[in-house]
Amino acid sequence: MNIDIEIVGITVLWTFLFGYLIIGSIDYGAGFFNAYNLLTDKEHVLTKIIQRYLSPVWEVTNVFLVFFFVGIIGFFPKTAFYYGTVLLVPVSIALLLLAIRGSYYAFETYGARGHKGYSFMYGLSGLLLPASLSIVLTISEGGFVHLDRGKPVLNYFILFISPLTWSIFLLSITAVLYISAVFLTWYAHKAKDTLATNVMRKYALIWSLPSIITASSIIYQLKFHNDEHFNRLMHLWWMFALSLLFFVGTVLLLWAKRNYGFAFISLIAQYALAFYGYGISHYPYLLYPFLTLYDSFTNEAMAISLIIAFILGLGLLIPSLYLLLRLFLFNKGYVKGNSDYY
Amino acid sequence: MGNEDALFYSRILTELTLSFHIIYATIGVGVPLMIMIAQWVGIKKKDEHYILLARRWTRGFVITVAVGVVTGTAIGLQLTLLWPNFMELAGNVIALPLFMETFAFFFEAIFLGIYLYTWDRFRNQRKHLLLLVPVALGAAFSAVFITMVNAFMNAPQGFELVNGELVNVNPIVAMFNPAMPTKVAHVVSSAFMTSAFILASIAAFRLLRGSNHLYHKKALYLTMKVGLIFSIATALIGDFSGKYLAEYQPEKLAAAEWHFETTEKAPLILFGVLQEGEPRYGISIPYALSILAYNNPYAEVTGLDQFPEDEIPPLYIHYLFNIMVAIGMWLTILSFIFWLGIKRDWKFVTGSWFKRLIVLGGPLSIIAIETGWWLAEVGRQPWVLRGLMRTAEAATSSDQVDLMLLLFACLYIVLAIGSVVVLRRMFRKNPVEKELSDRNNNKEEERT
Ligand code: HDD
Ligand code: HEM
Ligand code: HEM
């Protein structure tokens with residue numbers, strides 16, 4: 001078999017983006033639930049569990065994002081020209097949210113406790129952030145960018161009134177809340193914190209339906225917006241059908257209060273299938289109709305050296321990530337609350 | 001907004017973000033090493049004070065890392081947003097070190113997370129110290145890799161341009177360009193130096209404020225010693241950077257030195273003003289420029305007369321250069337006197353006016369970092385890639401850069417105030433004396 005090196009590149013990047021989608025969602029949703037809980041409930045049942053998960057990993061989460069945008073410039077330098085020019089405003093807004101979130105998280109956790117206002121800001125920014133990042137996906141569908149004397153220009157008005165924009169916006173919010181809730185149910189359960197488990201399970205069930213409705217509505221919107229993409233998507237119907245099956249699996253397990261670990265794994269499978277299905281059907285375009293994988297790809301020498309660097313890097317990364325997970329995520333003592341941060 | 005404006009605001013925004021990021025990044029590179037030294041000394045000497053020093057530095061460090069991470073993410077994306085044409089070319093040739101940098105970030109982030117939460121998990125303190133090694137390495141290598149990219153902008157190589165097409169790209173050759181060795185070494189050693197002087201200035205400040213605790217005295221002596229070592233290294237490597245410039249970027253050196261005519265036995269001019277194109281009122285040190293450039297008082301140094309008008313960088317970089325060098329010299333002398341004074345029991349080095357000078361050292365070294373970078377970047381103008389792509393050709397055509405500039409300026413003000421307030425509150429609420437007695441009590445309890 002002969003796999004194009006372009007495909008290898010985009011697969012690596014897409015995988016890291018998926019990683020960011022999952023752990024980023026957990027992070028963003030956690031911030032929101034924490035804020036909501038602080039405002040509505042005097043017990044603050046969630047704070048401890050959320051703090052304990054987030055503290056050692058928040059910086060790692062951010063690196064997944066950095067990896068993606070650095071990698072895409074490396075593998076597909078032409079994207080810098082197109083996306084770099086049109087994304088100035090949306091990505092700057094995302095950066096602003098990211099900066100406020102990241103720094104205030106650290107200020108609060110490691111520094112001095114502030115007041116509720118911060119938690120509120122923190123929670124809200126966590127919802128807006130994925131929404132503002134998801135604009136990139138919307139734009140990639142084409143129809144929002146035109147060339148003016150050879151320079152790409154983004155049409156904000158069309159973007160703003162497009163139903164597709166708003167479906168993706170809604171999907172990003174519901175997905176974040178759903179993914180986060182399912183994970184935290186499991187995590188709280190491991191910590192034997194029944195109160196928090198029950199609250200999170202409730203949230204997970206509440207957000208399950210909206211998340212699947214918004215996801216389906218995107219497929220529907222796509223039919224009108226980008227017929228070519230829609231047709232390719234339909235060829236991959238089985239991936240989406242499987243994805244739906246896993247969704248049902250997760251919800252049933254949550255409903256039956258059984259095996260939250262499996263529920264989370266099934267959730268990953270659901271999103272992986274949908275995410276890769278979407279990605280594959282997007283092929284070969286990076287930006288409809290201007291940019292494909294092939295005409296934006298870097299030279300061969302760079303591609304090979306990036307892939308070698310990537311493999312060597314993974315050799316470092318995987319054991320370290322494993323260590324992190326073992327010491328914190330899967331360490332009974334830590335999860336239950338024997339923290340020793342000074 | 002025309003393209004001129006987009007260019008202008010892109011420059012300002014890049015300057016702003018980088019100048020802000022570099023403060024936190026420098027601390028991020030240097031402080032892990034300092035923590036490592038303190039913890040190591042503490043374990044070796046079985047001295048609680050040094051261990052506590054390491055702990056307190058770590059706590060402060062986490063705050064600066066957070067701001068370093070978010071501003072770094074900002075600059076990483078802004079490079080693409082503001083300079084799409086440059087990044088397209090850079091992506092083709094110099095993406096390798098940028099990509100490797102992300103692995104350094106991963107490495108640092110993962111082990112920092114572990115280090116922070118495992119202070120008392122290991123019976124053997126050395127194991128805990130070992131966790132810090134990847135943090136320090138990761139931080140230092142992020143600096144190494146990103147500086148390689150910057151070096152490439154100054155001395156691009158590793159590809160050919162044939163009819164506007166990139167051919168024969170060799171990423172390794174691009175990475176190991178002539179600017180790389182001095183630049184990387186100077187950046188890393190100046191980061192160590194700066195971190196040492198910042199920590200020294202905190203210790204000196206506490207002592208000035210009336211604390212007479214042994215803890216602060218130990219901290220001061222340790223940091224000043226490390227500061228001395230790295231300020232000597234920084235000055236030496238800086239001298240090599242000058243030699244690199246003479247060889248590969250003579251226009252930058254000539255502009256920085258106000259060296260207008262190509263001459264032998266070139267003198268070095270310190271400060272002064274320009275009147276009708278002539279340097280006045282400066283201090284002129286005979287032969288010094290020839291020595292800086294070639295180690296030979298008689299050597300010929302290329303002047304600005306050899307370059308077309310529109311390829312000469314702005315002449316104000318002369319002051320930036322002077323300020324950086326003056327600070328470098330001054331801090332070397334200051335830390336040397338302090339070190340000798342402690343050895344020889346000179347009274348004045350523990351006096352209060354000397355401490356005031358040490359307190360100044362932290363801010364001064366940050367000023368040196370800033371002026372150094374401005375010198376390097378402004379001195380490369382009008383090029384973004386020297387000799388190949390002008391800054392004006394690299395900029396975005398987007399119309400909203402001015403608005404974004406405003407947004408980010410506000411953001412950085414908030415982050416700057418936030419980080420200072422949080423750091424102060426953190427240490428004020430938990431003074432050394434209290435922490436030491438708390439820890440002692442805990443130990444007593446454990447024993448009984
Ligand atoms: C604490 C900071 C600090 C101190 C004390 C010095 N430097 Fe420096 N210098 C830097 C921090 C720095 C820097 C921030 O790291 C720069 C900016 C870009 C770079 O490569 O390093 C720099 C750049 C820089 C350059 C330009 C390199 C280029 O553009 O490629 C030269 C020629 C020197 N330095 C020379 C010196 C000399 C002769 C010093 C004598 C004491 C000195 N520096 C002290
Ligand atoms: C290490 C990698 C770096 C890269 C890839 C880089 C990239 C760039 C680019 C693309 C520009 C645009 C040209 C321009 O504005 O004139 C620029 C300019 C500039 N950069 Fe750098 N930079 C780096 C490091 C730094 C750092 C650490 C500073 C810290 C202060 C800095 C300060 C500046 C300044 C002041 C300018 C504006 C020069 C002018 O007046 O036009 N740079 N840099
Ligand atoms: C154009 C230049 C630069 C870019 C694009 C850039 C990019 C970044 C990014 C994306 C991060 C965040 C990584 C994370 O998520 O953990 C970061 C952090 C960092 N950067 Fe920069 N950077 C630049 C200049 C520099 C320079 C010149 C240095 C060193 C002297 C440096 C040292 C660091 C360090 C040590 C960190 C880790 C955070 C910390 O410990 O404070 N960076 N940078």
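In this report, the structure presented in the accompanying data block is examined.

Analysis parameters
Sequence positions are assigned chain by chain, starting from 1 and proceeding in written order. All chains are assigned letters beginning at A, and all ligands numbers beginning at 1, according to the order in which they are written. Local features in this predicted model are restricted to residues whose pLDDT is 70 or higher, and side-chain atom pairs enter the listing and the counts only when it is 80 or higher, whereas totals over whole chains, interfaces and linings include all residues. To obtain the side-chain values, all non-hydrogen atoms of the structure were included, while hydrogens and water were left out. A pair is scored as a salt bridge if a Lys or Arg side-chain nitrogen falls within 4 Å of a carboxyl oxygen belonging to Asp or Glu. Only DSSP runs of H or I with at least four residues qualify as helices, and only runs of E with at least two residues qualify as strands; both kinds are numbered from the N terminus onward. Exposure is judged per residue with a 1.4 Å probe applied to protein chains only, and the accessible area is read against the type maximum: over 50% gives exposed, under 20% gives buried, and values in between give partly exposed. Residue contacts follow a heavy-atom distance rule, with two residues in contact if any of their heavy atoms lie within 4.5 Å. A quick way to say it: buried area is the sum, across both parts, of accessible area lost when two parts are put together, with a 1.4 Å probe. Here a polar contact is taken to be a pair of N or O atoms separated by no more than 3.5 Å, where protein atoms must pair a possible hydrogen donor with a possible acceptor and residues adjacent in sequence count only if both atoms sit in side chains. The criterion for a residue being near a molecule or strand is simple. One of its heavy atoms has to lie within 4 Å of it.

**Here we look at the pattern of salt bridges**
Residue and element names in this part refer to chain B.
Line of reasoning, step 1. In the structure shown here, the tally under the stated rule is 8 salt bridges over all chains.
Line of reasoning, step 2. Two residues, Lys218 and Asp47, come together in a salt bridge whose shortest N-O distance is 2.6 Å. A residue pair is termed long-range when its members are at least 10 positions apart, and Lys218 in helix α8 (residues 214-248) and Asp47 in the loop between α1 (3-45) and α2 (48-82) qualify at 171 residues. Of the two residues, Lys218 and Asp47, neither departs from the other in class, the shared state being buried.
Line of reasoning, step 3. Linking Arg386 and Glu251 is a salt bridge whose minimum nitrogen-to-oxygen distance equals 2.7 Å. Of this pair, Arg386 sits in the loop between β9 (383-385) and β10 (389-390) while Glu251 sits in helix α9 (residues 250-257); the two residues are 135 residues apart in sequence, bridging distant segments of the chain.

**A word on the interface of chain B and chain A**
Line of reasoning, step 1. Contact with chain B, which involves 65 residues of that partner, is made by 68 residues of chain A.
Line of reasoning, step 2. Surface buried jointly by chain B and chain A totals about 6200 Å² across both partners, of which 77% is contributed by carbon and sulfur atoms.
Line of reasoning, step 3. A per-residue breakdown of the area chain B buries against chain A is headed by B:Phe99, B:Phe106 and B:Tyr117, which together make up 13% of the total.
Line of reasoning, step 4. For the pair chain B and chain A, the interface holds 1 salt bridge.
Line of reasoning, step 5. Note that B:Glu88 is salt-bridged to A:Lys78, the shortest N-O span being 3.9 Å.
Line of reasoning, step 6. For the pair chain B and chain A, the number of links is 3 residue pairs in polar contact (both at pLDDT 80 or more).
Line of reasoning, step 7. Contributions of two or more residues to the side of chain B that touches chain A are made by α2, α3 (84-93), α4 (95-116) and α14 (401-428) of chain B.
Line of reasoning, step 8. Sorting elements by how many residues they give to the side of chain B that touches chain A places α4(B) first, with 17 residues.

**A few points about the site of ligand 2**
Residue and element names in this part refer to chain B.
Line of reasoning, step 1. As a matter of local geometry, ligand 2 sits amid 20 residues, with Arg11, Glu15, Asn150, Glu377 and Gln381 nearest to it.
Line of reasoning, step 2. With respect to ligand 2, the side chain of Arg11 contributes an N or O atom lying 2.8 Å from an oxygen atom.
Line of reasoning, step 3. Glu15 places a side-chain nitrogen or oxygen 3.1 Å from an oxygen atom of ligand 2.
Line of reasoning, step 4. At the level of elements, α1, α5 (125-154) and α12 (352-378) are the ones that each hand at least two residues to the shell around ligand 2.

**Topic: the site of ligand 1**
Residue and element names in this part refer to chain B.
Line of reasoning, step 1. Lys183, His186, Lys252, Met324 and Gly372 are the nearest of the 26 residues found near ligand 1.
Line of reasoning, step 2. In the model, an oxygen atom of ligand 1 is placed 3.2 Å from a nitrogen or oxygen of the Ser190 side chain.
Line of reasoning, step 3. Here an oxygen atom of ligand 1 and a side-chain polar atom of Lys252 are 2.6 Å apart.
Line of reasoning, step 4. It is α8 that contributes the most residues to the shell around ligand 1, 8 residues altogether.

**A closer look at unusual backbone geometry**
Line of reasoning, step 1. Here the bond from B:Gln381 into B:Pro382 is cis, since omega is 5 degrees, no more than 30 degrees from zero.
Line of reasoning, step 2. In this structure, A:Asn259 is a non-glycine residue whose phi angle is positive, near 45 degrees.
Line of reasoning, step 3. Counting through the fold element by element, A:Asn259 comes out in the loop between α11 (237-255) and α12 (260-282).
Line of reasoning, step 4. The exposure class of A:Asn259 is partly exposed, given its relative accessible area of 45%.
Line of reasoning, step 5. One non-glycine residue, B:Asp345, lies in positive phi territory at about 65 degrees.
Line of reasoning, step 6. Its location among the elements puts B:Asp345 in the loop between α11 (317-344) and α12.
Line of reasoning, step 7. Take B:Asp345: its relative accessible area is 60%, and that puts it in the exposed class.

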